[in-house]
Amino acid sequence: MADISNRKLIVEVCNAKNLMPKDGQGTASTYAIVDFDGQRRRTKTIFRDLNPRWDEKFEFSVLDAESLAAETLELNLYNDKKSTGKRSTFLGKVKINGTSFSISETTDLVYYPLEKRSVFSQIKGEIGLKVWLEEDKIPPPQPPPEEQKSSEAAPPPPPAAAEEKQPEKEENRANEEKKEVEKSGEENKPPEDSKTEEPPAPAVVQAEEEKAVVARKSPNLGSSESEPRYHDRRRRSAYDLVDRMLFLFVRVVKFKQSKPEPDSLAHAKLVIGTHSIKTKSKAENKEWDQVFAFEKEGLNSASLEVSVWIDKKKGATDNNSTESSNLGNVTFDLTEVPKRVPPDSPLAPQWYTLDGKDSPGNDVMLAVWIGTQADEAFQEAWQSDSGGFIPETRAKVYLSPKLWYLRLTVIQTQDLQLGSGATEPKFKNPELYVRAQLGAQLFKTSRAMVDSSSFSSNPTWNEDLIFVAAEPFEPFLVVTVEDVTNGRSLGHAKIHVTSVDRRTDDTSEVRSRWFNLVGDEDKPYGGRIHVRVCLEGGYHVLDEAAHVTSDVRATAKQLAKAPIGLLEVGIRGATNLLPVKTKDGTRGTTDAYVVAKYGPKWVRTRTILDRFNPQWNEQYTWDVYDPCTVLTIGVFDNVRYKHDEAGKQGKDARIGKLRVRLSTLDANRVYMDSYSLTVLLPSGAKKMGEIEIALRFTCSSWLSLIQAYASPMLPRMHYVYPLGLAQQDILRHAAMRIVTARLARSEPALGHEVVQFMLDSDTHVWSMRRSKSNWFRIVSCLSKAAAFAKWLDEIRGWVHPPITVMVHVLLTAIVFFPHLVLSTMFMYAFLIIGLRFRHRQWVSLHMDSRLSYIDAVGPDELDEEFDGFPSTRSPDQVRIRYDRLRALAGRAQMLLGDVAAQGERLEALFNWKDPRATGIFVVVCLLASLVFYVVPFKAFVLGSGFYYLRHPRFRDDMPPVTINFFRRLPSSSHQIL
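Enquirer: So what exactly am I meant to see when it comes to the sheet that holds strand β18 (residues 396–399) here?
Expert: Where strands meet in a sheet, backbone hydrogen bonds hold them as pairs that are either parallel or antiparallel. Within the open sheet, the 5 strands sit side by side as β18-β33-β32-β35-β36. Their pairing is antiparallel. The sheet is open, and its two borders are formed by β18 and β36 (653–661), each paired with just one other strand. Averaged over neighbouring strand pairs, the angle between their axes works out to 15° when direction is ignored. Sheet topology note: the strand β32 (residues 592–598)/strand β35 (residues 630–637) ladder contains 6 bridges and is antiparallel. Bridge pairing in β35 places Tyr593 opposite Phe636.

Written as structure tokens, this is what we have:
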């Protein structure tokens, strides 16, 4: 008999660090409570220690292995106050999703940051845990010999009796499981002295146990282990954001011939209106098992005819030519075809007799039904609206490769062979550097000078080189030591990437290793190099621009968190699309498809051929881990499904793009509208049509959603060991190239032009249009400050005397009641911003042509934006653009000089560069100190305010003394050549 697998979850609570003191004396007496699937364990109490160590191991039974991914391991830390008779105080909690459980006992120690229970909790510190799964093989219990004999002798029950007994068995099994859960809950209860610490309510425990029993009683059919807790909502809401499209499905399985002919092939032919489709040619004992889906709206006939044809060779000498003979056909009336809607079971195929005069008695097995695009057979079926069995037109889901940062720390080298050959030139102080290469990525260290006169030539670098590595990894990381003076290699070493250590945080130290340098044939040993290599799992590898990122999770699986919601996108259709290419050289056509990208998941709809108003009606879902992320949707024209005479494929053309920031969407609300598609061409912006999209962001936990706004945007390692801006940009483009190459190797391929357009790989390229757009964005943000300055100038000018008098009264109230300033400001902000909620703007998904300044640039500036790097334009055109860029850079240069001059004047005031000006300033400071010692501060503020708001008749037209004094201070502008 087969063994029964019994899984156990092992949790080792090791230690905690930097906890929040809670006992009023700067310490805490800490214990932990671990909960998993209705089972609870408690550690011992470590008294008066903010860095406690337990090293206790607990075992939990995995009651349902299928729903393990949906379970959550929760650990709560408390400060023990039972000696004082008070309730234990909360120190933090950790939640670990079931998808992050390791299978190996040799898992690394992972430190999890403690989370808050509410927004107002004061929590800090982290706890170190080891979590893994163990599987024990337990043989099934053997029945007694008497029962075994009786079971063998007893006849099997009839089907009706079996069906009657089945509900009783299921009910008994459910009752037994419920008793087991209750029994395990009683065994795992905390002791009596811990009941006052953090016990759950009995009603809540009972409700959770009943839910567990119901979940095991009703298994989730067709769901994967990685599906979150709201999988029922996902399955229930499938295809509710799109319209149902009716298709006529025909499944042709096989045929049976009354008089079999040896060495003959047969094919089936389906004829319905203008559609005439053939299956593959198969022998009689082989199955076609092909499904055909005809769009019901496009059918121009009321009947379906299925016929079977025998393919015979014409002659013995002619091997290529065949002739077909009809075995008969069967006709179906479309009005009598049954309808099927999932989750109904598939329609079973039946044998139908072919009506044939020459050869009667032949049968064909097939099934005919009317279904929707939600049918399981639709994805792999021949589709009438997407060109049949063309792989490049099918709907597919792609996944980006898992990306890691590989950190190579070059420490030093030893025993280098520096120019020891007779023919090699000798240099007194050679310069060396280390070059490392991983795939197409190449980085170098700085140069280190070696004193060849000394006996020890051991140059030291201690520099980090960071690469982007994608699973499956490149086989080797090649490290080479180069000599700059004579331009030769001193040796190289190959490091297996799969053998490199992995770390998830900064607490674990990576071991350093020595590698021998392999030289050429004359010098097989070139020395050795000391390096430290690791795969950084605590970072998130950016493959998108930071302002449109769709995923911020760390690479390591141990740091994975549970999703906070679900994003559902319904791609309904497009209208009024413009022709992109010509068909047969006579008329324009468009073969449109949609690509949506969020996180590592890419989806691609099927291609609707030769339609300007395509209807896809496809719905997709994504797990949401952070609300401040962006969904990208792009529309393209399919050119790759057509091959030229040489077998080459063209590039898919852009039609338009949309972006949705999830934080702008209301939770549990459906957004359905049409949005314009605009594409930027060298000739200017062009509206290509409209696309209809339906969106819904479902939040599973409001508390997690609110806490997400207070958490850091990126994982912890980005702040502990931050990467430079220039380095991040280089690594981001390297990640883009890796993702583009991997998706281009899929089948069917997702073209590199599609991936680059979705990832915005050209945002770093110079564009006059983008520069103008960013400049006017800054001006728009500063316009509020400019409006306030204008209003203040009107107050000073007594343009509206009543308002100026009210400002005087407000200033007096602020001076005499300063404790009300902050409360009044926040109350004013609450009222003003709260009243603006009614007039908030609806979510805008289309690209804003006005904000993009598409109409404010000329043809030459657009042509410059589409020019490659390096430029391919004529020298005269490049010279004109260079002169224009020089003029623009000259203005920026003057602005930078003016800003630098203001700072240098302030610095000169304190450094006695102008002795008279600094002396005047020192005397003024002395007098001001004496005045402010005598005059109260409130009187000074009130007097200064009244002086600033004085009437224009008491004001001089010339600049004030302070401005005149500051402008006369020296700067370093006169010292520049």
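Enquirer: Looking at this structure, I do not really get the nonpolar core. What am I missing?
Expert: Soluble globular proteins tend to pack their nonpolar side chains together in the buried interior. Within the largest apolar cluster, 37 residues are counted, with the highest numbers of intra-cluster contacts made by Leu567, Val569, Trp622, Leu631, Ile633 and Ile693. By size, the runner-up hydrophobic cluster in this structure holds 34 residues, among which are Val34, Phe60, Leu77 and Leu114.

Enquirer: Quick question: what am I supposed to make of unusual backbone geometry here?
Expert: For residues that are not glycine, phi is negative in most cases, and the peptide bond is trans in most cases. Along the chain, Glu471 connects to Pro472 via a cis peptide bond; the corresponding omega equals -5°. Counting through the fold element by element, Pro472 comes out in the loop between β23 (460–470) and β24 (476–483). One non-glycine residue, Asp289, lies in the positive phi region at around 50°. Among the secondary structure elements, Asp289 is positioned in the loop between β11 (275–278) and β12 (290–295). For Asn668, which is not a glycine, the phi torsion comes out positive at approximately 60°. For Asn668, the position within the fold is in the loop between β36 and β37 (670–681).

Enquirer: I'm lost on the pairing of strand β33 (residues 601–604) in this one. Help?
Expert: In summary, the side chains of a regular strand alternate between the two faces of the sheet. Here 4 bridges tie β18 to β33, and the two strands are oriented antiparallel to one another. Along β33, the bridge assignment pairs Val397 with Val603. Examined bridge by bridge, β32 and β33 share 4 bridges and lie antiparallel to one another. By the bridge assignment, Tyr598 is partnered in β33 with Lys601.

Enquirer: Help me out: how do you make sense of the packing of aromatic side chains in this one?
Expert: Two numbers describe a pair of aromatic rings. These are the distance of the centres and the angle of the planes. Here the structure, examined in full by the defined rule, presents 21 aromatic pairs. Considering the side-chain rings of Phe249 and Phe378, the 6.4 Å spacing of their centres and the 80° angle between planes classify their relative orientation as edge-to-face. You can see Phe249 sitting in strand β9 (residues 246–256) and its partner Phe378 sitting in the loop between β16 (363–372) and β17 (382–383), a full 129 residues away along the chain. Of the residues examined, Phe249 reaches a relative accessible area of 0% and is grouped as buried. Phe378 sits in the buried class, given a relative accessible area of 2%. Relative to Tyr539, the ring of Tyr405 has its centre 5.6 Å away and its plane inclined at 70°; by these criteria the two rings are edge-to-face. A residue pair is termed long-range when its members are at least 10 positions apart, and Tyr405 in strand β19 (residues 403–414) and Tyr539 in the loop between β28 (525–536) and β29 (565–575) qualify at 134 residues. On the accessibility criterion, Tyr539 (1% relative accessible area) is buried. Note that Lys601 overlies the ring of Trp622, its terminal NZ or CZ placed 5.4 Å from the centroid.

Calculation criteria
Residues numbered from 1 in each chain as written. Predicted model: local features only at pLDDT ≥ 70, side-chain atom pairs only at ≥ 80, totals over all residues. Heavy atoms only, no water. Pairing = 2+ DSSP bridges. Helix = DSSP H or I, 4+ residues; strand = E, 2+ residues; numbered from the N terminus. Axes fitted to C-alpha atoms, helices over the stretch in contact; angles between N-to-C directions. Core = buried A, V, L, I, M, F, W, Y, C linked by side-chain atoms within 4.5 Å. Buried < 20%, exposed > 50% of the residue type's maximum accessible area, 1.4 Å probe, protein only. Phe/Tyr/Trp six-rings, centres within 6.5 Å; stacked < 30°, edge-to-face > 60°. Lys NZ or Arg CZ within 6 Å of the ring centre and 35° of its normal.

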